[in-house]
Amino acid sequence: MAKLELQNLRKQYRSDVIPVKDISLSVEDGEFLTLLGPSGCGKSTLLRLIAGLEPPTKGEVIIGNKNVNRVAPGKRNIAMVFQSYALYPHMNAAENITTALKLKKMPTEEINRRLTEAATTLELTNLLDRKPGQMSGGQRQRVALARALVRDPEVFLLDEPLSNLDALLREQVRSQMKQLFKAQNKPVVYVTHDQTEAMTLSSRVAVLYRGEVQQLDSPSRIYSHPANEFVASFVGSPQMNLFTLKCQDETVKLGDNIIPFNRGNFTGDRIILGIRPEHINLATSEDTNAIKGKIILTEELGKEKLVSVKIDNHDLIIRALLSQENLQEGNSISLALSPNNIHYFDVNTGQRIID
């Protein structure tokens, strides 16, 4: 078994182009770490540094207590699954899966054993004679996964492997992958910009932005306790409602509405208040701090709807059940914010200030 460690890893092309900025983290055996972030945040560059496809400007990549900075990609005992599948078009599935093993001059008996095992696991037994052009996108992706599995590597690296699949197929393959890598008990580093993949597959998620780790935590913790304004706005669909508000004494003001605010040690006069759409409810007669607004848009999503509300010069979105009445555009509405699910961030730094 091998542990993957990154120590102060940095990649700098020019003084003003630094896609990876001094990142340190570790991935244990059996852990599934997802690098999540928008395009250009450095996640794919970080994966390439781990794979050895690019040299770091400084810092260390350590696999199984061994610094592999000077070890060639083919000798790092890692397996990488690419977004583009990277299959040889002139080879059938079996040949694509076993090429690396043949190059290592592995005994034929062992090659066949590994091929049979991977093909059975990924339901490819009836497709081994087909070439990539004769397979669907999902089938080609499973061949790429099988090619990684048969190598029995110390670390698995996956670079947006599901991005070329349609929504239904992505769900099916994602479910297979979760079971597959759980059984492998190896460190897995997975790159994606898809929040659903990150939240459903991962043991931990590293949210990246501008080459830096903004938060490294469990999926549930990242969702419920975002470390800063960027994580709060990036994770969640629809995104968290965020408002820059004035605060005075123990209150903040949203439009004409006063919201209690336990400021603790915070001394500023403005704050960013965040709350997710599912934590805003229709107010009842018992809600003393109801917030009043006007509905400007409704969007139906099966059993629920998203309701956009205008409060003074602020817009917010709530989730509501489709069965709830009087949620029509133009209607007035009274809302109650769940006090235990309000988040506060520093206006100047964006950092979470109250836990």
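Each chain has its residues counted from 1, running along the sequence as written. Local features in a predicted model are, by the rule used here, given only for residues with pLDDT of at least 70; side-chain atom pairs are given and counted only at 80 or more, and totals for whole chains, interfaces and linings are based on all residues. To obtain the side-chain values, all non-hydrogen atoms of the structure were used and water was disregarded.

Describing helix α4 (residues 137-150)
For the record, the criterion: Counting from the N terminus, the helices are DSSP H or I runs at least four residues long and the strands are E runs at least two residues long. By this rule, a helix spans an expected 1.5 Å times one less than how many residues it contains. When accessible area is computed with a 1.4 Å probe and restricted to protein chains, residues below 20% of their type maximum are described as buried, those above 50% as exposed, and intermediate ones as partly exposed.
Over its 14 residues, α4 extends 20 Å from the first C-alpha to the last, a length consistent with the 20 Å expected when each residue adds 1.5 Å. Most of α4 sits out of view: 13 of its 14 residues are buried. At the exit of α4 stands Asp152, carrying a positive phi of roughly 50°.

Focus on the packing of α4 against helix α5 (residues 167-184)
Defined as follows: Here, axes are lines fitted to C-alpha atoms. For helices the fit covers the stretch in contact, and angles between N-to-C directions go from 0 to 180 degrees. In what follows, roughly perpendicular refers to angles from 65 to 115 degrees, roughly parallel to angles under 35, roughly antiparallel to angles over 145, and oblique to any angle outside these ranges. Handedness of a crossing follows from how the near helix is turned relative to the far one, being left-handed for an anticlockwise turn of less than a right angle and right-handed for a clockwise one. In what follows, a contact means two residues having at least one pair of non-hydrogen atoms within 4.5 Å.
Between α4 and α5, the shortest axis-to-axis distance is 11 Å and the interhelical angle comes to 10°. It follows that α4 is roughly parallel to α5 by the angle criterion. The element α4 and its partner α5 pack so that their crossing is right-handed. Between α4, through Gly137, Gly138, Arg142, Leu145 and Leu149, and α5, the contact on the second element is made entirely by Leu169, Val173, Gln176, Met177, Leu180, Phe181 and Gln184.

Let's talk about the sheet that holds strand β5 (residues 66-67)
Two pairing modes exist for strands in a sheet, parallel and antiparallel, and in both the strands are linked by backbone hydrogen bonds. To keep things clear, this is the line we draw: The pairing criterion for strands is at least two bridges between them, as found by DSSP.
Spatially, the 4 strands line up as an open sheet ordered β2-β1-β4-β5, and their pairing is antiparallel. The sheet is open, and its two borders are formed by β2 (20-27) and β5, each paired with just one other strand. Examined bridge by bridge, strand β4 (residues 58-63) and β5 share 2 bridges and lie antiparallel to one another. Following the sheet pairing, Ile63 is matched in β5 by Lys66.

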